[in-house]
Amino acid sequence: MSAHAQTRNPAGLIGRIRHAGGDSWSLGDKIGLASAWAAGILLCLIAASIVLYMLYRGFQYLSLEMIFSHPEAGLDQSKSGGFLDPLEGTLALTVIGTAIAAPVGVGIAVWLTEYGRPSWLARAVESGVEIVAGTPSIVLAIFGLLVFQQGFFSFLSYEATPGVAFGRSFVAAGVIMSLIALPLIVGASREALHSIPRHVREASYALGKDRISTIRRVLLPASRRGIGTGVALGMGRIVGDTAIVVVLLGATLQTDPQGNIPGLSFLQGTGSTLTTYVYNNSPVGEGGSPEKAYAAAFVLLLIVIALNFVVDMITRGRGPSWTR
Amino acid sequence: MAARGPQTAQQRDRTDQRAELALGALASAVLLLIAFMIAFVFAKAWPSFAHNGLAWFGPGGNLDEQLTAIFNSPSDPSDYVYTLHAWPLIYATALITGISVLLGTMISLLSAMFIVEFAPGWIRSILQPVVRLLAAVPSVIYGLIGILVIVPFFGNNVISGAQKESVQFVIQLDGSSILVGVLVLTVMITPIMVAISVDALRSVPPTWTEGAAALGVNRWRALRTVGLRAARPAIVAAAILSTARALGEAIMLSMVTGSVAFSPNPLDGVTFFFEPARTLAAQIVDGAEGLSVKPFGQTMYAFAALLLLSSAFLSFSGWFARRSMRKYTLSPR
Amino acid sequence: MTWNRPLAVVAALAVSASLAVPAAATAKPTITMSGSTSVAPLAALLAKKYVAGCGGCVTFKLLQGGSDVGISDVASGRVTIGNASRDPKPSDPGGLVFNKIAHDAVCIVTNKSNPLPGIDEAGVQAIFGGSVRSWSSVPGSTASGTIDTFVRTPASGTQDAFQKIFLSSTRVFSGASQKASNGLIQQSVKADPNAIGYVSLSFADGLHTVPYKGVACTERNAKSGQYGGQRNLYMVTRGPATGATKEWIKWITKSSAAAAVINTEWVSLQ
C-alpha cells in the first residue's frame, strides 16, 4: 500500500513543491483535510462500537459448544441449545445467493458496458436492476412466494398435498436473495468496467483480439477489484436480510431437510439463519434469551469478516498498469 | 482454452455475435423476471389507486385510523373500504431518505478521499474490512442498537419535559424519531457509497493528479478538483444505490422512528427532529401480518408500487446525470 | 462442447429420483403448521410433549411467517394447520375453521419506576384514547411528565383484543407509537419511565403489570376468569379437522399434559 502511495507522489515531489512555493494550503483546504480525517476515524469508531457492544452483551454465552449444538424448542431459550442450524443456514444461503448473483451480475454488467444494443433494452435492464435495489425485501419475498408456490416449481420444495407446492426452501430463498445482491454487483462491476480507459480496449482490438477475448483476458482481470467490492457488498446484503428468510425459508428453528437425497434434500428443506435467530431471541422477538442473541450476532460479524477476507483473496491484485 | 491460431475476421465476428446474444439473453431473462415482479405489484395495487384517485397522494384525515378501517372492512367485496390519504408516509419517506442521503454522501466522499489519499498505510488496511463489515451488519442489529441505546438516550436525556408537553395532545416524543432514523440510516448506507467511491477514485489515472501537482496544487485540492470530477459518474452510481437502499429499508426504520403516521412540522423548530414518523417501507413491514385481508393487502401493495415508481424515477435521473458527466472521463461510452 | 457422459447420466438419475421421491408416501403422518410468531413457541412446546407422549407417532413441521401467512397457507392447502393469534375476520378466505386452543392474558404494563396501583375502564380509555396526556392527572402514579403510549399495529391480534375488551368504542390516540411485536412494546416500556402499553402475559417480565378493575394480571387470575382481558389463540384448519390433525387438536384441548404445558405462560381452556 505504501508503494502505491509512493508512485502517486513520486519522490515526495508534491510535498516538496508545496514547501518550495510557500504554503499553498488555504484555510478551506485545511478544513477539508481535517474533515476527511474525522470521517475516516468516525467510521472506525462506529464499527468498533457495534462489534464491542455485541461482544460485551453476549460474551458469557460465547463458547464453542454454542456454535456446534442445535437450537432446541422452548420458550426459555437461555437454558438449552446453541445455534448450529442457523449458522449452517447463513452459510448455505450466502453461498447459494452469491453463486447465482455473481456470474449473472458480472454478465449483465459486461453486456451493459461492452455491448448494450439495442439501447432501449440496455436502459431498461439498468433501470430494472436499480428498481430492484429500491424494493423492500419483504415485497421481493412475497413475490418469490408467489413464484415458487406454482405447481411447476414443486420439485424445489416440499409438497403437503400433491400438486400444491410449499414454496419455501433454501433454493427459493437463495434465488430471491440473489436478486437483492444483484444491483450492488451490477453497479460496482459496471463502474469498474467503465473506469477502464478507451485506449486499453482499442489497443487490444488493434492486436487482433475479438471483443469477447478482450473482455475475458483484459477487462475482467482489470476490474477484479471493483467486482470484488460488488460481491462483498452483495454478500453483506444477503447476510443481513430477515424478511426473505422468514417468508421463504420458513424460519424453522432447525434445518428441516425434505426428501431422501442428502444434498438435494437440504436444498429443498427449510431452515433459518443467524439473522432471524438474533431477531427472535433479542429483546424484541419471541424467544427470550437476549444474551445468546448477542453471542450469535458476534459470531455473525466474525463470519462476515471471514467471507470478506475470502473475497479479497480471490480478487487480490496490484491493480491494472494504467493506474500505477 | 486451447491456443488457437490467428482467427479470420469472420470467425471473430461469429464468436462475438454468439457472445453478445448469450449475454443479451441473460440480461433479458433477468429483466423479464423483474418486469414480472413490477407487473405483479401494480396489478395487486390497482384497486387502491382506482378507488382514491389522485387524493391517494394527498393529505387528509388520520392515516392510522384509515388503515384500521380498511383492515376491518366487511366481507362483501362491494363494501370494501379503500379510503386512504398517504401523504404522511410519502412526506416521511422523502424527508428521512433525503436527509440521510445528503449526510451520507458528505461523510462517504470525505471518507473515500481519506482512504485513497491521506490515510497512513495501517489505517487504510483496517478501514477496508471495516467498511465491508458495516455493509453486512443486519438491519435488525442496527434496529436493536437503535432501540436499546439511542432511543432511550434521546428520550430520557435529550428531549426536555417542556418539549414533550408542548406537543403532547398531538403526538408523543419518546425518543424514537426521525432524528434517530436518519442517524442510523446514514450509518447503514455510508459503507456502500464509500466502497464504490474508493474504487472510483483509485481508477483515476494518476497522471491527471500529478499534472495538477505540477501546477503547484496541494494534495487535497488536486483530489477534490481533479479526482472527484473524474470519478463523478461512479459516485453518482454509488449515490443511486445508496438512495435505493435507504428507500427500501423497512425493519430498522419501523423500530426506531416511532411508527406513527405523522407529518413532522418544520415550524416546530428543534422539536421537529424529535417528532416520530413512518416511512412507506416501514408501513409495509408493519402491515405484513394483515395481507390476507384483501383491501388491506392491496393498500400495502399500493405503497410498494409507489416505492417502485420512486426507484424508477431515481434510476432515470441517475442515468441522465451520468450521461453528461462521462465527458470528463476516458470511458468507452 | 464435450460432455462427461457418465457424469451426465448420474446427474439425470439424481434429478429424476429427487422428483419421484417426494411423491412417495412416508410411513408417519406429518402435520405442517405455519403462521403466527406468537403461537409458535406454544406450538413447539406442545409438539415436543405430544411426540414424546405418543412415542413418535407423528412428525411436526413448524414454520413462521405471521398469522396472515398461516391463514392463507391453510386456505390453499399448503399446510395442515395455520396458527393465528387474531380472531376470524369477515374478509378471511372461506371454509376455514378456527379451533381455539388457548387463551392469552393481555396485561397493561408500565415501567417499573411507575408502579400504578390500579386502573379502571374509564382510566384506560382516557389514557389510550388520548384525552389524558400527563401522568400528574392519573391517580396513583409516581411519574410526572407526558404519558408515552405504546400500542400494536392494526393488523395485530393483540391490538384487536385490546380494542374489543378494554377500549370498546374509544379510538386509539392518534399519536400513540405503534410497535410491531410484543417484544418491541416490552422493550419500549422498559426503557422509558413515562411509558404505558399492553403486552401478552409472557412478556411482562421486567415491567410492572397494572391491576385492571382491581384484579391483578397474573396466571392464576387469568385461569379463574377473574381477569377480564384475555384473547384467543387459534389453530386454523380447512374444514373440520380430520385424522391425525383431529387427534392432535383434541389432545391440546382435552389432555392434562397439554394443559400443564399451556399453563406455564398462557391460559388453557380447561
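Residues numbered from 1 in each chain as written. Chains lettered and ligands numbered in written order. Predicted model: local features only at pLDDT ≥ 70, side-chain atom pairs only at ≥ 80, totals over all residues. Heavy atoms only, no water.

1. Thoughts on the overall build of chain B
Now for step 1: Within chain B, the regular secondary structure consists of 13 helices and zero strands.
Now for step 2: Projected onto its principal axes, the C-alpha positions of chain B cover 75 × 50 × 35 Å.
Now for step 3: Per-residue burial for chain B yields a buried fraction of 63% across its 333 residues.
Now for step 4: Pairs at least 24 residues apart make up 78% of the contacts formed inside chain B by residues separated by at least 6 positions.
Now for step 5: Of the roughly 12500 Å² of accessible surface on chain B, 67% is carried by carbon and sulfur atoms.
Now for step 6: Averaged over its 22 positive side-chain charges, chain B has a centre that lies 19 Å from the centre of its 17 negative ones. (Helix = DSSP H or I, 4+ residues; strand = E, 2+ residues; numbered from the N terminus. Buried < 20%, exposed > 50% of the residue type's maximum accessible area, 1.4 Å probe, protein only. Contact = heavy atoms within 4.5 Å. Areas by Shrake-Rupley, 256 points an atom, 1.4 Å probe, with all protein chains shown as cover. Lys, Arg positive; Asp, Glu negative; His and termini not counted. Charge placed at Lys NZ, Arg CZ, Asp CG, Glu CD.)

2. Let's talk about the interface of chain C and chain B
Now for step 1: At the junction of the two partners, chain C supplies 36 residues and chain B supplies 37 residues.
Now for step 2: Of the roughly 3100 Å² buried between chain C and chain B on both sides combined, carbon and sulfur atoms contribute 49%.
Now for step 3: The largest share of the area that chain C buries against chain B comes from Asp68(C), Ser91(C) and Gln178(C), three residues that together contribute 17% of it.
Now for step 4: Our count for the contact surface shared by chain C and chain B stands at one salt bridge.
Now for step 5: Ionic pairing is found between Glu65(B) and Arg171(C), a salt bridge with its closest N-O pair at 3.5 Å.
Now for step 6: Of all the elements in the fold, those that place two or more residues in the side of chain C that touches chain B are α3 (67–75), β5 (148–152), β6 (177–179) and α6 (182–191) of chain C.
Now for step 7: Among the elements that take part in the side of chain C that touches chain B, β5(C) stands out by supplying four residues, more than any other.
Now for step 8: Taken together, the residues of the side of chain C that touches chain B sort by class into 11 nonpolar, 15 polar and 10 charged. (Buried area = accessible area lost by both parts, 1.4 Å probe. Salt bridge = Lys/Arg side-chain N within 4 Å of Asp/Glu carboxyl O. Nonpolar A, V, L, I, M, F, W, Y, C, P; charged D, E, K, R; others polar.)

3. Considerations on the interface of chain A and chain B
Now for step 1: Between chain A and chain B, the residue contacts involve 110 residues of the former and 106 residues of the latter.
Now for step 2: Roughly 9400 Å² is buried in total at the junction of chain A and chain B, and carbon and sulfur atoms are behind 72% of that figure.
Now for step 3: Counting the contacts that link chain A with chain B gives four salt bridges.
Now for step 4: In this structure, Glu20(B) and Arg117(A) form a salt bridge, with 2.9 Å as the shortest nitrogen-oxygen distance.
Now for step 5: Our count for the chain A to chain B interface comes out at 14 residue pairs in polar contact (both at pLDDT 80 or more).
Now for step 6: For the side of chain A that touches chain B, the leading source of residues is helix α3 (residues 27–58) of chain A, giving 18 residues.
Now for step 7: Classifying every residue of the side of chain A that touches chain B gives 61 nonpolar, 29 polar and 20 charged. (Polar contact = N/O pair within 3.5 Å; in protein donor to acceptor, adjacent residues only side chain to side chain.)

4. A few points about the packing of helix α8 (residues 170–194) of chain A against helix α9 (residues 219–248) of chain B
Now for step 1: Where α8(A) contacts α9(B), the two axes come as close as 10 Å, and the packing angle between them is 175°. Taken together, the axes of α8(A) and α9(B) lie roughly antiparallel to each other. Here Pro183(A), Leu184(A), Gly187(A), Arg190(A) and Glu191(A) of α8(A) come into contact with α9(B), specifically with Pro233(B), Ala234(B), Ala237(B) and Leu241(B).
Now for step 2: Split by residue class, the contact of α8(A) with α9(B) holds six nonpolar, one polar and two charged. (Axes fitted to C-alpha atoms, helices over the stretch in contact; angles between N-to-C directions. Parallel < 35°, antiparallel > 145°, perpendicular 65-115°, else oblique.)

5. Quick look at the nonpolar core
Now for step 1: Membership of the largest hydrophobic core comes to 108 residues, with the highest contact counts inside it found for Met54(A), Leu274(A), Tyr142(B), Leu201(B) and Met252(B).
Now for step 2: Per element, the largest residue contribution to this core is 16 residues, and it comes from helix α7 (residues 178–202) of chain B.
Now for step 3: Excluding its chain neighbours within four sequence positions, the residues that come into contact with Met252(B) are Ser139(B), Tyr142(B), Gly143(B), Gly181(B), Val184(B), Leu185(B) and Met188(B).
Now for step 4: With 97 residues, the next largest nonpolar core counts Ile96(A), Ile131(A), Val132(A) and Leu23(B) among its residues. (Core = buried A, V, L, I, M, F, W, Y, C linked by side-chain atoms within 4.5 Å.)

6. Overview of the pairing of strand β4 (residues 96–110) of chain C
All names here are of chain C.
Now for step 1: Where burial is concerned, most of β4 is hidden: 12 out of the 15 residues are buried.
Now for step 2: When β4 meets strand β7 (residues 195–200), the two strands line up antiparallel, connected through five bridges. Paired with Val 106 across the bridge in β7 is Ser 200. (Pairing = 2+ DSSP bridges.)

7. Here's the deal with the pattern of salt bridges
Now for step 1: Using the criterion set out here, one finds 17 salt bridges over all chains in the structure.
Now for step 2: Of the charged contacts in the structure, one is a salt bridge between Arg219(B) and Glu117(B), with a shortest N-O distance of 3.2 Å. Here the residue Arg219(B) occupies a position in helix α9, and Glu117(B) occupies one in helix α3 (residues 87–118), the gap between them amounting to 102 residues.
Now for step 3: The exposure class assigned to Glu117(B) is buried, which follows from its relative accessible area of 16%.
Now for step 4: Salt bridges here are not isolated pairs; linked through shared partners, they connect Arg123(A), Glu126(A), Glu130(A), Arg190(A), Glu191(A) and Arg322(B).

8. Quick notes on the environment of Gly290(B)
Now for step 1: Mapped onto the secondary structure, Gly290(B) falls in the loop between α12 (280–286) and α13 (294–325).
Now for step 2: Considering only alpha carbons, one finds Gly290(B) and Ile178(B), 112 residues apart in sequence, at a separation of 26 Å.
Now for step 3: Apart from the residues lying within four places of it in its own chain, the contact partners of Gly290(B) are Phe71(B), Phe296(B), Gly297(B), Asp68(C) and Ala155(C).

By themselves these figures say nothing about function.
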